[in-house]
Amino acid sequence: MQFALTDDQLAIQEVARRFTADRITPHAAKWDADHIFPVETIRASAELGFGAIYVSEASGGIGLGRLEAALIMEAMAYGCPSTSAFISIHNMAAWMIDAFGSAELKAKYLPDLVTMATISSYCLTEPGSGSDAAALKTRAVRDGDDYIVTGTKAFISGAGANELYVTMVRTGDETPRGISALVIEKDMRGVSFGANERKLGWHSQPTAQVNFDEVRVPVANRIGAEGQGFAIAMAGLDGGRLNIGACSLGGGQRALDEALAYTRERQQFGKAISDFQATQFTLADMATELEAARALLYLAATKVSAGASDKTRFAAMAKRLATDTGMAVADRALQLHGGYGYLMDYPVERIFRDLRVHQILEGTNQIMRVITARELLRGSN
């Protein structure tokens, strides 16, 4: 069966599902309500290899492909999209060091990143550069064997809690070729953090600004060559977009399952509301759209793993479709719950809030359309 998961992939998926059922789902509502950052649970996922999913085996990771990573993220997001997405971000940062870092840099940081004794954030967005990521202003000026880094990053998951920050900085001109990537440690002098942002969702992880005030960072902490940073950032985002799409599929599937259970139990006009054709049509559309988005995302994941020439376009299309679909499914699941869906007592309310940001981060869904159209038009010339 060409489109079936392999036995190994099914086994990986089952491990992630069991971890989610045991360690995430029973606690996710409390994490959300009380704004608890479940660092012990996050580190426990690393015992299964989930802190270094596509870090090479030579560097201590489990060396899986992007489809396997998507299966893991989707499974964990069924319990808590916020926590799954946080683990995805750490994986992206660790992969960047493994894929582009020097042997010395990998030896310095990867052992603790693999076990998640050290957890990493990814710092690209700034207060003045969101969708226009290449317009970033954080500056790194060479001073002997160091860079002096000054600037601010915004909306950083794990800010103030994580130990490492893979940071895009400007080392050259104002073009994308003037951007480099540095690994900056939390305890380096001049690093500080803003207050935790007050967010609609994603309550199980801290989000804040990261400030760099003349932070001295060794040149040896640069990932790749000077001027390679933007290319590294974009390569990382291909995988990040797949993962956030997978998180939307997991959250959307949970919303659908909750709606199925609720509509079977809820009685109105003398029968279960699942007996009404309008309800059945809604459930059918939700399931169909999830499966279609899942199929595209899995295909895009295989293309990114294979380094296909159209991998960026497919990652963008899959991210756009999966995140829009997950949100639409959560919205309809909430509607099927009626007034109860608006209460925090039911998981669909949390899923709805958590999935909304997926249409914004890792590139807005409008930017995903820009990428898709650009690649289509480039290929037609």
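Refer to the structure presented above.
About the thresholds
- Residues numbered from 1 in each chain as written.
- Predicted model: local features only at pLDDT ≥ 70, side-chain atom pairs only at ≥ 80, totals over all residues.
- Heavy atoms only, no water.
- Core = buried A, V, L, I, M, F, W, Y, C linked by side-chain atoms within 4.5 Å.
- Buried < 20%, exposed > 50% of the residue type's maximum accessible area, 1.4 Å probe, protein only.
- Helix = DSSP H or I, 4+ residues; strand = E, 2+ residues; numbered from the N terminus.
- Contact = heavy atoms within 4.5 Å.
- Pairing = 2+ DSSP bridges.
- Phe/Tyr/Trp six-rings, centres within 6.5 Å; stacked < 30°, edge-to-face > 60°.
- Lys NZ or Arg CZ within 6 Å of the ring centre and 35° of its normal.
- Expected span 1.5 Å × (residues − 1).
- 1 Å grid on protein atoms, 1.4 Å probe; cavity = no way out; pocket = protein on both sides within 12 Å on 5 of 7 lines; lining within 4 Å.
- Points joined across faces, edges and corners; volume = space filled by probe spheres on them.
- Nonpolar A, V, L, I, M, F, W, Y, C, P; charged D, E, K, R; others polar.
- Polar contact = N/O pair within 3.5 Å; in protein donor to acceptor, adjacent residues only side chain to side chain.

Participant: Provide a residue-level description of the nonpolar core, including the pertinent values.
Facilitator: Counting 89 residues, the largest nonpolar core has Tyr-122, Met-168 and Leu-297 as its most contacted members. The leading source of residues in this core is helix H7 (residues 229-265), at 12 residues. Aside from chain neighbours lying at most four places away, what touches Tyr-122 is Ile-89, Met-92, Met-96, Ile-156, Val-166, Met-168, Ala-233 and Leu-237. Counting residues in hydrophobic clusters, the runner-up holds 18 residues, among them Tyr-147, Val-191, Val-210 and Val-219.

Participant: Give me the pairing of strand S1 (residues 120-123): which residues, what numbers.
Facilitator: Of the two faces of S1, the one lined by Ser-120 and Tyr-122 and the one lined by Ser-121 and Cys-123 are each fully buried. Pairing between S1 and strand S4 (residues 164-170): 4 bridges, direction parallel. Across the sheet, Ser-120 pairs through a bridge with Leu-164, a residue of S4.

Participant: Go over the environment of Ser-192, please, and point to the residues and values.
Facilitator: Considering the arrangement of structural elements, one finds Ser-192 in strand S6 (residues 191-193). Other than its neighbours up to four places away in sequence, Ser-192 contacts Gln-209, Val-210 and Asn-211.

Participant: Could you give an account of the packing of aromatic side chains, with specific residues and numbers?
Facilitator: Under the definition given, this model contains 7 aromatic pairs. Taking 6.5 Å as the distance between ring centres and 85 degrees as the angle between the ring planes, the aromatic pair formed by Phe-19 and Phe-50 counts as edge-to-face. Placement of the pair is Phe-19 in helix H1 (residues 7-24) and Phe-50 in the loop between helix H3 (39-46) and helix H4 (66-79), with a sequence separation of 31 residues. You'll find Phe-19 and Phe-50 in the same group, each marked buried. Ring centres of Phe-269 and Phe-276 lie 6.3 Å apart, and the angle between their planes is 85 degrees; on these two criteria the pair is classed as edge-to-face. Phe-269 sits in the exposed class, given a relative accessible area of 78%. Classification of Phe-276 by relative accessible area gives partly exposed; the value is 27%. Ring-pair connections join several aromatic residues into one group, and the members of that group are Tyr-262, Tyr-340 and Tyr-346. In this arrangement the basic side chain of Arg-66 is found over the ring face of Tyr-54, its NZ or CZ atom lying 3.7 Å from the centre. Here the guanidinium or amino end of Lys-271 rests over the ring plane of Phe-276, the centre of that ring lying 4.7 Å away.

Participant: Now, about helix H5 (residues 81-100): what can you tell me, with residues and values included?
Facilitator: In this model, H5 (20 residues) spans 28 Å end to end at C-alpha, consistent with the 28 Å of a helix rising 1.5 Å per residue. Where burial is concerned, most of H5 is hidden: 18 out of the 20 residues are buried.

Participant: An account of the layout of surface pockets is requested, with residue identities and associated values reported.
Facilitator: Approximately 1,200 Å³ is the volume attributed to the largest pocket. Of all the elements, H7 adds the most residues to the lining of the largest pocket, at 7 residues. Considering only enclosed or pocket space, the second largest pocket measures out at about 310 Å³ in volume. With 6 residues, the single largest contributor to the lining of the second largest pocket is helix H8 (residues 277-306). In terms of residue class, the lining of the second largest pocket is made up of 7 nonpolar, 3 polar and 2 charged.

Participant: Residue-level account of the side chain of Ser-157, with values.
Facilitator: By the secondary structure assignment, Ser-157 is in strand S3 (residues 146-157). A polar contact of 2.7 Å, which involves the side chain of Ser-157, links it to the side chain of Gln-205. Once you skip the residues sitting within four places of it in the chain, Ser-157 turns out to touch Phe-86, Ile-89, Ser-121, Asn-162, Trp-202, Gln-205, Pro-206 and Thr-207.

Participant: Please set out helix H9 (residues 311-336) residue by residue, giving values where relevant.
Facilitator: With 26 residues, H9 should cover 38 Å at 1.5 Å per step; its first-to-last C-alpha distance of 37 Å lies within 8% of that length. Gly-338 lies just past H9 and shows a positive phi near 65 degrees.

Participant: Lay out the side chain of His-203 with the relevant residues and their values.
Facilitator: Residue placement: His-203 occurs in the loop between S6 and strand S7 (207-218). By relative accessible area, His-203 is classed as buried at 14%. Among the polar contacts listed, one links the side chain of His-203 to the side chain of Asp-32, at a separation of 3.1 Å. Dropping the residues within four chain positions of it, His-203 is found in contact with Trp-31, Asp-32, His-35, Ile-36, Ser-82, Arg-353 and Asp-354.

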